Amino acid sequence: MKERFRYNNYMCLSRKVFVHAKSLFEIDVDFFVQHNVKTLFVDLDNTLDSYRLYVPTERTKEYIAKVIEAGITPIIISNNKGKRVTSYAKNLGLECMYSARKPFARKIKRLIAQKSINVDETMMVGDQLVTDAGMANKANIRMVLTDKIVKEDQWTTHFNRLIDRPMRKHYAKKGKLIDWRTLYGKS
Ligand SMILES: [Mg+2]
């Protein structure tokens, strides 16, 4: 309980400390198990794959299979449009929410209520401070912030990056991006 509380503090945007991973794929699935994650909310573009890809890569398929095998339900939470998100999610056999309107938390809160998900058993993984971490913070969902996996962004993301990049640099310099491994006790 104490550990969880500490971990939760790391998540808070107000404290400006973030759990960080270079990418989703470097996170040991057991990390989520250890932190009692039953539902894993995952951003799509630049977290799972490039926004140009309509079909998931083998790496993504393999990783998601491991997550499911561990008894965790991944759900894709994306601000992108229906067609792109649903076809991609269908390929992975996952549920998804498109036009999620991150950083607003109204839609995710509704999803959590509809599915009777325990918010203490969730975690969000995403590559953007403004949208992904912003939503997670508002909905009280624990968060792992990743770097973007490919250089290219959709044009709609460029504005967010203008804020994201200097903020991230600032936090990194102050040692406020904490590597996920530091919260990964027993291996
Ligand atoms: Mg993204």
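All values reported here derive from a predicted model rather than from experimental measurement.

### Some thoughts on the coordination of the magnesium ion
Point 1. Bound to the magnesium ion on the protein side are Asp43 (OD), Asp45 (O) and Asp127 (OD), at distances that span 2.1 to 2.2 Å.
Point 2. The sequence motif formed by the donor residues of the magnesium ion is D-x1-D-x81-D. In this pair, Asp43 sits in the loop between β2 (39–42) and α3 (58–69) while Asp127 sits in the loop between β5 (122–126) and α6 (129–138), placing the two residues 84 residues apart along the sequence. Pair check on accessibility: Asp43 and Asp127 agree, each one buried.

### Concerning the side chain of Asp127
Point 1. What makes Asp127 buried here is its relative accessible area of 0%.
Point 2. A polar contact is formed between the side chain of Asp127 and the side chain of Thr47, at a distance of 3.1 Å.
Point 3. Apart from residues lying up to four places away in sequence, Asp127 is in contact with Asp43, Asp45, Asn46, Thr47, Asp132, Leu145, Thr146, Asp147, Lys148, Arg161, Asp164 and Arg168.

### Overview of α6
Since there are 3.6 residues in each turn of an α-helix, residues three or four apart along the chain are aligned in direction.
Point 1. Burial analysis of α6 places seven of its 10 residues in the buried class, which makes it a mostly covered element.
Point 2. Looking at α6, one finds that the buried residues are Leu129, Thr131, Asp132, Ala133, Gly134, Met135 and Ala136.
Point 3. Along its buried surface, α6 packs onto β1 (18–21), β3 (73–77), α5 (106–114), β5, β6 (142–146) and α7 (155–173).
Point 4. Just past α6, the residue Asn140 takes up positive phi, approximately 65°.

### A few points about the nonpolar core
Point 1. Within the largest apolar cluster, 29 residues are counted, with the highest numbers of intra-cluster contacts made by Ile27, Phe31, Phe32, Leu40 and Ile76.
Point 2. Contributing elements (two or more residues each) for this core: β1, α2 (29–34), β2, α3, α4 (82–92) and β5.
Point 3. Among the elements that take part in this core, α4 stands out by supplying four residues, more than any other.
Point 4. Apart from residues lying up to four places away in sequence, Leu40 is in contact with Phe32, Val67, Ile72, Thr73, Pro74, Ile75, Met123 and Val125.
Point 5. Listed in part, the 21 residues of the second largest apolar core include Phe18, Phe41, Ile108 and Leu111.

### Topic: the environment of Ala89
Point 1. Among the secondary structure elements, Ala89 is positioned in helix α4.
Point 2. Residue classification places Ala89 among the buried residues on the basis of a relative accessible area of 1%.
Point 3. Spatially, the C-alpha atoms of Ala89 and Gln34 are 26 Å apart, while their sequence positions differ by 55 residues.
Point 4. Once residues within four sequence positions are removed from consideration, Ala89 is found in contact with Ile76, Leu94 and Cys96.

### Quick word on the layout of surface pockets
Point 1. The space that makes up the largest pocket amounts to roughly 450 Å³.
Point 2. In this structure, the largest pocket is lined by 24 residues; those nearest its centre are Asn79, Asn80, Gln154, Thr156 and Thr157.
Point 3. Contributions of two or more residues to the lining of the largest pocket are made by α6 and α7.
Point 4. The leading source of residues in the lining of the largest pocket is α7, at five residues.
Point 5. By residue class, the composition of the lining of the largest pocket is three nonpolar, 11 polar and 10 charged.

Each value, and the rule that gives it
Residues numbered from 1 in each chain as written. Predicted model: local features only at pLDDT ≥ 70, side-chain atom pairs only at ≥ 80, totals over all residues. Heavy atoms only, no water. Donors = N, O, S within 2.8 Å, 3.2 Å for Na, K, Ca; no water. Helix = DSSP H or I, 4+ residues; strand = E, 2+ residues; numbered from the N terminus. Buried < 20%, exposed > 50% of the residue type's maximum accessible area, 1.4 Å probe, protein only. Polar contact = N/O pair within 3.5 Å; in protein donor to acceptor, adjacent residues only side chain to side chain. Contact = heavy atoms within 4.5 Å. Core = buried A, V, L, I, M, F, W, Y, C linked by side-chain atoms within 4.5 Å. 1 Å grid on protein atoms, 1.4 Å probe; cavity = no way out; pocket = protein on both sides within 12 Å on 5 of 7 lines; lining within 4 Å. Points joined across faces, edges and corners; volume = space filled by probe spheres on them. Nonpolar A, V, L, I, M, F, W, Y, C, P; charged D, E, K, R; others polar.

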